[in-house]
Amino acid sequence: MNSLTSYLFIGALLFSVGIFGLFQRRTLIGMLIAIELMLNGASVNFMAFNRFLAPDPIIGQIYTLFIMGIAAAETAIALSIILALFRTIRSINIERARELRG
Amino acid sequence: MNPLQNLVPPENLAQIGFAAVVTVTFMGALIAVLPRNILYNVLGLALSLVGVAGLFLYLGSPFIALMEILIYVGAICISIVFAIMLSRPLHLSLPKRRLPKVGLALGVGLLVFVILGAIIAKTPWRRAPVRSADWSTATLGNYLLTRYDLVFELISLVLLVAILGAIIISGYARRRPS
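Keep in mind that this is a model prediction, so the values were computed, not measured.

Cut-off values and rules
- Residues numbered from 1 in each chain as written.
- Chains lettered and ligands numbered in written order.
- Predicted model: local features only at pLDDT ≥ 70, side-chain atom pairs only at ≥ 80, totals over all residues.
- Helix = DSSP H or I, 4+ residues; strand = E, 2+ residues; numbered from the N terminus.
- Buried ≥ 20, exposed ≤ 12 C-beta atoms within 10 Å, placed from the backbone.
- Expected span 1.5 Å × (residues − 1).
- Contact = placed C-beta atoms within 7 Å.
- Nonpolar A, V, L, I, M, F, W, Y, C, P; charged D, E, K, R; others polar.
- Core = buried A, V, L, I, M, F, W, Y, C linked by C-beta atoms within 7 Å.
- Domains from an automatic or database assignment.
- Axes fitted to C-alpha atoms, helices over the stretch in contact; angles between N-to-C directions.
- Parallel < 35°, antiparallel > 145°, perpendicular 65-115°, else oblique.

> Provide a residue-level description of the overall build of chain B, including the pertinent values.
Scanning chain B for helices and strands turns up 7 helices and 0 strands. For chain B, the N- to C-terminal ordering of α and β elements is α-α-α-α-α-α-α. Relative to its 178 residues, chain B shows a buried fraction of 22%.

Right under this line is the structure:
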């Protein structure tokens, strides 16, 4: 409970679950949810290094806040793209979005 | 001394709490990935993020834990729910799940976990020789407005551009004439 490696393994496992979900899903919203899981794995890593190794225990917290801000921006953009795509092709299955396939 | 402390000593209580938080995190992560109903996925994501907020509490920063609940659970999950309701994917036919794809995804996930775990186990982690003991939220705010001011402003700008872009993208999309 109080060691660096246990937190790092938790973060790595969250990241791996996110990668599994990202490759397995075919709806855009499901992939977005998997990406949020991966971002959280990265946040857990930053906070663990901040708690156990860093010279200044503020910097990791600031990084985590920035990750949250980037995640919020990314979610807004992704959801608007999903809505536009749904209005265009009446589906959120990514395999039907093949307009730009060439 | 309250009866709970008689039953379990406080350090065991902390360990039980940690195990509960980790369990909630991974159950939520599995619910977020496995079921095919997209609404269950969002609720699993919210559960997992609450667990991660508990982990942040154990890592010694209640402010970040509260921000996690506020931003992720309160804003991101709710906006995903809104997107689900607006695009009505629940009424559409769900695509069939193809076993080779799931197997391949499981393989890739396991591979990534094994590589990351090997790196974590092999690296000799060294803590910094001098560590400051200042964890307070006041110092956090101080750093945000002095040393990391530029990044703070840039994040604000990115959020503003993202909001404008979201409005434009979802506002000007029209149904394809076909």
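Now that the structure is up, let's keep going.
> An account of helix 3 (residues 59–89) of chain A is requested, with residue identities and associated values reported.
Between its first and last C-alpha, helix 3 of chain A extends 44 Å over 31 residues, near the 45 Å set by a 1.5 Å rise per residue. The first or second residue beyond helix 3 of chain A is Arg90(A), which carries a positive phi of 55°.

> Could you give an account of the interface of chain A and chain B, with specific residues and numbers?
By a frequent convention, interface size equals the accessible area lost on bringing the separate parts together. Taken together, the contacts link 63 residues of chain A with 71 residues of chain B. Taken together, the elements giving at least two residues each to the side of chain A that touches chain B come down to helix 1 (4–24), helix 2 (28–52) and helix 3 of chain A. The element that contributes the greatest number of residues to the side of chain A that touches chain B is helix 3 of chain A, accounting for 22 residues. A per-class count over the side of chain A that touches chain B returns 43 nonpolar, 15 polar and 5 charged.

> Run through the nonpolar core, naming residues and quoting values.
Of all hydrophobic cores here, the largest spans 65 residues; its most connected members are Ile29(A), Ile82(A) and Ile80(B). Elements supplying a minimum of two residues to this core: helix 1, helix 2 and helix 3 of chain A together with helix 2 (10–33), helix 3 (38–58), helix 4 (62–87) and helix 7 (149–172) of chain B. Both domains that furnish three or more residues to this core are identified here as domain 1 (1–91) and domain 2 (136–178) of chain B. Leaving out residues up to four positions away in the same chain, Ile80(B) has contacts with Ile29(A), Leu32(A), Leu79(A) and Val42(B).

> I'd like a description of helix 7 of chain B, backed by residues and values.
Taking 1.5 Å per residue as the helical rise, helix 7 of chain B with its 24 residues ought to reach 34 Å, and the 35 Å between its terminal C-alpha atoms agrees with that figure. For helix 7 of chain B, every residue scored as buried is listed here: Ala162(B), Ala166(B) and Ser170(B). Contacts made by the buried residues of helix 7 of chain B are with helix 3 of chain A.

> How would you sum up the packing of helix 3 of chain A against helix 7 of chain B? Please name residues and give values.
Running from N to C, helix 3 of chain A and helix 7 of chain B point in directions that differ by 10°, and their axes come no closer than 8 Å. When the axis of helix 3 of chain A is compared with that of helix 7 of chain B, the two are roughly parallel. Where helix 3 of chain A approaches helix 7 of chain B, its residues Phe66(A), Gly69(A), Ala72(A), Ala73(A), Ala76(A), Ile77(A), Ser80(A), Ile81(A), Leu83(A) and Ala84(A) are matched on the opposing element by Val151(B), Ile155(B), Val158(B), Leu159(B), Ala162(B), Ile163(B), Gly165(B), Ala166(B), Ile169(B) and Ser170(B). Looking at the contact of helix 3 of chain A with helix 7 of chain B residue by residue, the class counts come to 16 nonpolar, 4 polar and no charged.

> Account for the packing of helix 2 of chain A against helix 3 of chain B, naming residues and giving values.
Running from amino to carboxyl end, helix 2 of chain A crosses helix 3 of chain B at an angle of 5°, the nearest separation of the two axes being 10 Å. Relative to helix 3 of chain B, helix 2 of chain A is oriented roughly parallel. When helix 2 of chain A is examined against helix 3 of chain B, the residues Ile29(A), Gly30(A), Ile33(A), Glu36(A), Leu37(A), Asn40(A), Val44(A) and Met47(A) are found in contact with a partner set consisting of Ile38(B), Asn41(B), Val42(B), Leu45(B), Ser48(B), Leu49(B), Val52(B), Leu55(B) and Phe56(B). Of the residues belonging to the contact of helix 2 of chain A with helix 3 of chain B, the class tally is 12 nonpolar, 4 polar and 1 charged.

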